[in-house]
Amino acid sequence: MNWERLQEKLGILADAAKYDVSCSSSGSNRENTNKGLGDSSGMGICHTYTEDGRCVSLLKILLTNHCIYDCLYCVSRKSNDIKRAAFTVDEVVELTINFYRRNYIEGLFLSSGIFKNSDFTMERLVRVAKKLRTEHKFNGYIHLKTIPGASDELMQEAGLWADRLSVNIELPTKSGLALLAPDKKHEDFIKPMKTISNAIIENKSEKKIIKSTPQFTPAGQSSQMIIGATNETDLDIVKTSTFLYKNFNLKRVYYSGYVPVLKDNKLPDLGTPVPMVRENRLYQTDWLFRFYQFDPSEIVNETYPHLDLEIDPKLSWALRNRHLFPIDVNTADYHMILRIPGIGVKSAKKIVSARRFGKLGQEQLKKLGIAMNRAQYFITSKNYFNANDWDSLTLRNLIIQSGKSKYSNKFSTQLSLF
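My aim in this report is to walk through the structure given alongside it, one point at a time.

1. What to know about the overall build of the chain
So, point 1. A count of helical and extended segments in the chain gives 15 helices and 8 strands.
So, point 2. A buried classification covers 52% of the 418 residues belonging to the chain.
So, point 3. Taking the intrachain contacts of the chain between residues at least 6 apart in sequence as the baseline, contacts between residues at least 24 apart amount to 67%.
So, point 4. Carbon and sulfur atoms provide 51% of the accessible area of the chain, an area that totals close to 20,700 Å².

2. Here we look at helix α8 (residues 276-291)
So, point 1. Taking 1.5 Å as the rise per residue, α8 with 16 residues should run 22 Å; its terminal C-alpha atoms sit 22 Å apart, in good agreement.
So, point 2. Within α8, burial applies to M276, R278, E279, R281, L282, Y283, T285, D286, L288 and F289.
So, point 3. Looking at the buried positions of α8, the neighbouring elements they touch are β7 (221-227), α7 (234-248), β8 (252-257), α9 (296-299) and α10 (313-320).
So, point 4. At the C-terminal side of α8, Q293 shows a positive phi close to 65°.

3. Points about the pattern of salt bridges
So, point 1. Per the stated rule, a full pass over the model turns up 18 salt bridges.
So, point 2. Salt-bridge contacts for R133 lead to D163; the nearest nitrogen and oxygen are separated by 2.7 Å. Of this pair, R133 sits in helix α3 (residues 118-134) while D163 sits in the loop between α4 (152-161) and β6 (164-166), and the two are 30 residues apart along the sequence. Accessibility classification places R133 together with D163 in one group, the buried group.
So, point 3. By sharing partners, the salt bridges in this structure join R5, E8 and K83 into a single network.

4. Considerations on the layout of surface pockets
So, point 1. Computed from the structure, the largest pocket encloses a volume of approximately 840 Å³.
So, point 2. Together, 42 residues line the largest pocket, and D20, Y73, C74, N168 and E170 are the ones closest to its centre.
So, point 3. The set of elements that each furnish at least two residues to the lining of the largest pocket consists of α1 (3-17), β4 (107-111), α6 (186-209), β7 and β8.
So, point 4. Among the elements that line the lining of the largest pocket, the one with the most residues is β7, at 3 residues.
So, point 5. Split into classes, the residues belonging to the lining of the largest pocket amount to 24 nonpolar, 11 polar and 7 charged.

5. Re the packing of α3 against α4
So, point 1. It is at 9 Å that the axes of α3 and α4 come closest, and there the two elements cross at 25°. On the basis of the axis angle, α3 is roughly parallel to α4. For the element pair α3 and α4, the recorded crossing hand is left-handed. Residues D119, M122, E123, V126, A129, K130, R133 and T134 of α3 pack against L154, E157, A158 and W161 of α4.
So, point 2. By residue class, the composition of the contact of α3 with α4 is 6 nonpolar, 1 polar and 5 charged.

6. Concerning unusual backbone geometry
So, point 1. Of note, the amide linkage connecting F325 to P326 takes the cis form, showing an omega dihedral of 0°.
So, point 2. Residue position: P326 is located in the loop between α10 and α11 (334-337).
So, point 3. In this structure, E170 takes a positive phi of about 70° despite not being glycine.
So, point 4. Within the secondary structure layout, E170 lies in the loop between β6 and α5 (174-180).
So, point 5. E170 sits in the buried class, given a relative accessible area of 14%.
So, point 6. Backbone geometry places Q293, a non-glycine residue, at a positive phi of 65°.
So, point 7. Note on Q293: relative accessible area 41%, which makes it partly exposed.

7. Quick look at the packing of aromatic side chains
So, point 1. All chains considered together, the criterion is met by 11 aromatic pairs.
So, point 2. When the ring of W317 is compared with that of F325, the centres are 6.0 Å apart and the planes differ by 80°; the resulting orientation is edge-to-face. We note that W317, like F325, is buried.
So, point 3. Their ring planes at 55° and their centres at 6.2 Å tell us that Y377 and W390 sit as a pair that is tilted. Placement of the pair is Y377 in the loop between α14 (372-375) and α15 (392-402) and W390 in the loop between α14 and α15, with a sequence separation of 13 residues.
So, point 4. Judged by relative accessible area, Y377 falls into the buried class, the value being 9%.

Conventions adopted
Residues numbered from 1 in each chain as written. Predicted model: local features only at pLDDT ≥ 70, side-chain atom pairs only at ≥ 80, totals over all residues. Heavy atoms only, no water. Helix = DSSP H or I, 4+ residues; strand = E, 2+ residues; numbered from the N terminus. Buried < 20%, exposed > 50% of the residue type's maximum accessible area, 1.4 Å probe, protein only. Contact = heavy atoms within 4.5 Å. Areas by Shrake-Rupley, 256 points an atom, 1.4 Å probe, with all protein chains shown as cover. Expected span 1.5 Å × (residues − 1). Salt bridge = Lys/Arg side-chain N within 4 Å of Asp/Glu carboxyl O. 1 Å grid on protein atoms, 1.4 Å probe; cavity = no way out; pocket = protein on both sides within 12 Å on 5 of 7 lines; lining within 4 Å. Points joined across faces, edges and corners; volume = space filled by probe spheres on them. Nonpolar A, V, L, I, M, F, W, Y, C, P; charged D, E, K, R; others polar. Axes fitted to C-alpha atoms, helices over the stretch in contact; angles between N-to-C directions. Parallel < 35°, antiparallel > 145°, perpendicular 65-115°, else oblique. Left-handed = near helix turned anticlockwise from the far one by under 90°. Phe/Tyr/Trp six-rings, centres within 6.5 Å; stacked < 30°, edge-to-face > 60°.

Structure (structure tokens):
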């Protein structure tokens, strides 16, 4: 094997893969058997730190950056004048095994441009995963980005070898896709999601009857959409993500701020800042309807189609619904405690548990980890003043001022994504 050429390919195809942010995972329970390599049981694999402080990583590459499509937002589009490369199946397998043995990685995230056609590309992705599992007994985490338009049979086989499968919805609306990727159809993304979702459900049912049934993508499926490349509102984006969660039982929807790297009159100008804050607000909104019992329409709707970039969406909702506050945490139900700005899921559970042993005051709430700089204006207690004397705009400005970091003047106007 020509290691010099392989290193050159790795530089090209790892760089091309950096725009895909949906590489984290959880929920896989693939155990190491027969003295194989790796073990994805009980740990998340991502480009970040785990809850116990471990930094975990994976080999994140494209199989190829050749592509038959000319999507305006994609750096690998066929009309873009860039250096092209492609790995063979054996090269990806060899890199994964060698990197794992050197303790560089704990898994593989493999995506690809589309060369020739969808089935041709998808078949090679499946072969990589299958070869790692069957020939090298690799039990580490494998995430495959499936190719829209590939056959159901290939999707089914991919799920037998991969811990997670994902299909990028790419853009939030059909109109956005028609504008920037006219060769693609929205239905091409929905069909494989449905196939994977149905297969996951069927696999779970079969395993209840036959315990030896092989796992099918135990970490579920995810998707990703680009935000800021087209003019969709936050309401449009949330409607799409809600549809995906509801209909395909996705583990995660990822929001990727568009990085202006290509010049086109249909795209934001080069040098336009990446919408990092908007991306963060969308993730916060995502959390609210997944874990905080909010309905998406409470956060964004026809009256409020855009998220407030200066404050988090739960605080924004609370300021629009002052009539529901203040709340007495000693008597309110769990659902309402979750809605108090500055109180998270864990803190809300601690409050419900701790108040059985005595009345909770300011000091007790601080010890439970409540963000009092926000929560104090929305709870009632003899220790707190009456925030209802202020209008929502005044209260909003007060909270913004109290929450500013003394280091804010040192923050960059545009964070580095990579």
